[in-house]
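# Per-entry structural report
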Amino acid sequence: MSAALAGLRVLDFSTLLPGPLATLMLAEAGAEVIKIERPDGGDAMRRDPHYFALLNRGKRSLALDLKSETARAALRPLVESADVLIEQFRPGVMQRLGLGYETLAAINPRLIYVSIAGYRSDGPEANRPGHDLTYAAESGLLSLAAGGDGAPVLPAALVADIAGGSYPAVLNVLLALRRRDASGRGCRVEIAMRDGLLPFLYEAIADRQALGVEPKAGYSPATGGSPRYQLYRTLDGRHLAVAAVEEKFWRNFCEAIGLPASFRDDARDPAATQQAVAERIASRSGAEWEARLDGLDVCCSLVRNVGEAMSGPELAHLFDRSVRFDARTLGALPLPLSRSLLCDDACASAPALGEANDALLKPA
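Predicted model only: the values in this text are computed from it and were never measured.

For the protein, the count of helices and strands is 13 helices and 12 strands. In the protein, buried positions account for 42% of the 364 residues. The contacts of the protein with a sequence gap of at least 6 include a subset with a gap of at least 24, amounting to 69%. For the protein, the accessible surface area stands at approximately 19000 Å², while carbon and sulfur atoms represent 55% of it. In the protein, which carries 40 positive and 45 negative side-chain charges, the distance between the mean positions of the two groups comes to 3 Å.

Below, the structure written as structure tokens:
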């Protein structure tokens, strides 16, 4: 069977992470993604070519000065044939370039026009600058995880960029395509990365509204409020991730580590139980605990570093696709897409800047 999005043409005006990751998913599903870049260096991510390669595998590149009327005119045939456009400028930039939704929809009424920004264009923060960390701070997400001193901790992932930007963009593209199948018309979609984080706060939002509590770090089991859901240090300085939330898992875990019976009822004195578990875990190395817990119904894992995770049998097979760049080959970025829906191109290139200009732009 052909890839799910074969025949779809996407114009990608985005840079760095949120938009390029979204269009990477569309490209892997078979869409033709044409990356529109500045002639003077292109996407800023090209400064780190290995990052650029993983995020732009299988795309094509046009180098165009969008401030030039001639360049914008050369884009018109591509706009006419495009199904999706994704841009990531601050609100108003595309309009000033003559590439706003209303202008392009008049040329191509079937166009699905996606704008990714930190904030909604109709809100008071529309033109405020921001990055992943500021969006996480403003959403309330950072307040729910704290270090030993009680201060918020830096997230280990760019969750606003990816979960608040890339994933909602792909989801909304697919919804808009489905509606276009019925109506024949495209639409404008706005993705606000700060707002896209709110589903991650579902528990805190529900508790604040229904119970009247002000959620804070450690108030719930998922944010450190339970000995059943913790990171425990092992004898050799590694960490065991324990997620034995349900009673059956907790009972199995307590039995496996030999937790004294007086501490197994964690509702009686959670802090004492947590301390007792910590002492037990600290008595053995990470490898010993991994071996002891292997095959048991306990929901526990040793915290792996990236190299261990990538080379382990559970994940190594996901790096079977590859990307070529600068005479090198890297494992392609694994994506949360069913293999049955992807294109067959197991090895593809990241595009050189402007490599598709001659093929895609008609002579003036």
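Moving on: the pairing of strand β11 (residues 328–331). Looking at chain direction, strand β10 (residues 322–325) and β11 are connected through 4 bridges and run antiparallel. What sits directly across from Phe325, in β11, is Arg328. Linking β10 back to β11 in an antiparallel pair, the connection comprises 2 residues, with Asp326 at a positive phi of about 45°.

This paragraph deals with the domain arrangement of the protein. Domains assigned within the protein are domain 1 (9–199 + 318–361) and domain 2 (239–302). For domain 1 and domain 2, the distance between their C-alpha centroids amounts to 43 Å.

We now examine the packing of aromatic side chains. All chains considered together, the criterion is met by 3 aromatic pairs. Ring geometry for Tyr101 and Tyr113: centres 5.7 Å apart, planes at 75°, overall edge-to-face. Taken together, the residues span a long stretch of sequence, with Tyr101 in helix α5 (residues 101–107) and Tyr113 in strand β5 (residues 112–117) at a distance of 12 residues. For Tyr101, a relative accessible area of 17% puts it in the buried group. The class for Tyr113 is buried, based on a relative accessible area of 1%.

Further remarks concern the sheet that holds strand β8 (residues 239–243). Read from one edge to the other, the open sheet built from 3 strands follows the order β7-β8-β9, with strand pairing classed as antiparallel. Where the open sheet ends on each side, the last strands, each with one partner, are β7 (229–233) and β9 (300–302). If you compare each strand with its neighbour and ignore which way they point, the axes differ by 20° on average. As paired elements, β8 and β9 share 3 bridges and run antiparallel to each other. The residue of β9 that forms the bridge with Leu240 is Leu302.

With mixed pairing, 3 strands are arranged side by side in an open sheet as β11-β10-β12. Edge positions in the sheet fall to β11 and β12 (347–349), since each of these pairs with one other strand and no more. Across this sheet, the average inter-strand angle for adjacent strands is 30°, counted without regard to direction.

This part covers the pattern of salt bridges. Under the criterion given, the structure shown has 25 salt bridges. A salt bridge links Asp195 to Arg194; the shortest N-O distance between them is 2.8 Å. Classification of Arg194 by relative accessible area gives buried; the value is 13%. Each of Arg120, Asp122, Glu125, Arg128, Glu138, Arg194 and Asp195 takes part in a single network of salt bridges with overlapping partners.

As a further point, take unusual backbone geometry. Positive phi values are uncommon outside glycine, yet Cys299 reaches one of about 55°. With respect to the secondary-structure elements, Cys299 resides in the loop between α11 (286–293) and β9. Classification of Cys299 as partly exposed rests on a relative accessible area of 37%.

Another point: the packing of helix α1 (residues 18–28) against helix α7 (residues 159–183). At their nearest, the axes of α1 and α7 sit 8 Å apart, and the two run at 40° to each other. If you check the angle between α1 and α7, you find them oblique. In this structure, α1 meets α7 at a crossing whose hand is right-handed. On α7, the residues that touch Pro18, Leu21, Ala22, Met25 and Leu26 of α1 are Asp161, Ile162, Ser166, Tyr167, Ala169, Val170 and Val173. Looking at side-chain class alone, the contact of α1 with α7 contains 10 nonpolar, 1 polar and 1 charged residues.

This part takes up the packing of helix α9 (residues 247–257) against helix α10 (residues 270–281). At their nearest, the axes of α9 and α10 sit 10 Å apart, and the two run at 45° to each other. Taken together, the axes of α9 and α10 lie oblique to each other. Judged by the sense of rotation from one axis to the other, the crossing of α9 with α10 is left-handed. Between α9 and α10, the contacting residues are Trp250, Phe253 and Ile257 on the first element and Thr273, Val277, Arg280 and Ile281 on the second. Residue composition of the contact of α9 with α10, grouped by class: 5 nonpolar, 1 polar and 1 charged.

What follows concerns the environment of Leu141. Its place among the elements puts Leu141 in the loop between α6 (132–139) and α7. In this structure, the C-alpha to C-alpha distance between Leu141 and Ala217, residues 76 residues apart in sequence, is 9.6 Å. Among all residues touching Leu141, those that are not within four sequence positions of it are Ala136, Val159, Leu197, Phe200 and Leu201.

So, how was this worked out
- Residues numbered from 1 in each chain as written.
- Predicted model: local features only at pLDDT ≥ 70, side-chain atom pairs only at ≥ 80, totals over all residues.
- Heavy atoms only, no water.
- Helix = DSSP H or I, 4+ residues; strand = E, 2+ residues; numbered from the N terminus.
- Buried < 20%, exposed > 50% of the residue type's maximum accessible area, 1.4 Å probe, protein only.
- Contact = heavy atoms within 4.5 Å.
- Areas by Shrake-Rupley, 256 points an atom, 1.4 Å probe, with all protein chains shown as cover.
- Lys, Arg positive; Asp, Glu negative; His and termini not counted.
- Charge placed at Lys NZ, Arg CZ, Asp CG, Glu CD.
- Pairing = 2+ DSSP bridges.
- Domains from an automatic or database assignment.
- Phe/Tyr/Trp six-rings, centres within 6.5 Å; stacked < 30°, edge-to-face > 60°.
- Axes fitted to C-alpha atoms, helices over the stretch in contact; angles between N-to-C directions.
- Salt bridge = Lys/Arg side-chain N within 4 Å of Asp/Glu carboxyl O.
- Parallel < 35°, antiparallel > 145°, perpendicular 65-115°, else oblique.
- Left-handed = near helix turned anticlockwise from the far one by under 90°.
- Nonpolar A, V, L, I, M, F, W, Y, C, P; charged D, E, K, R; others polar.

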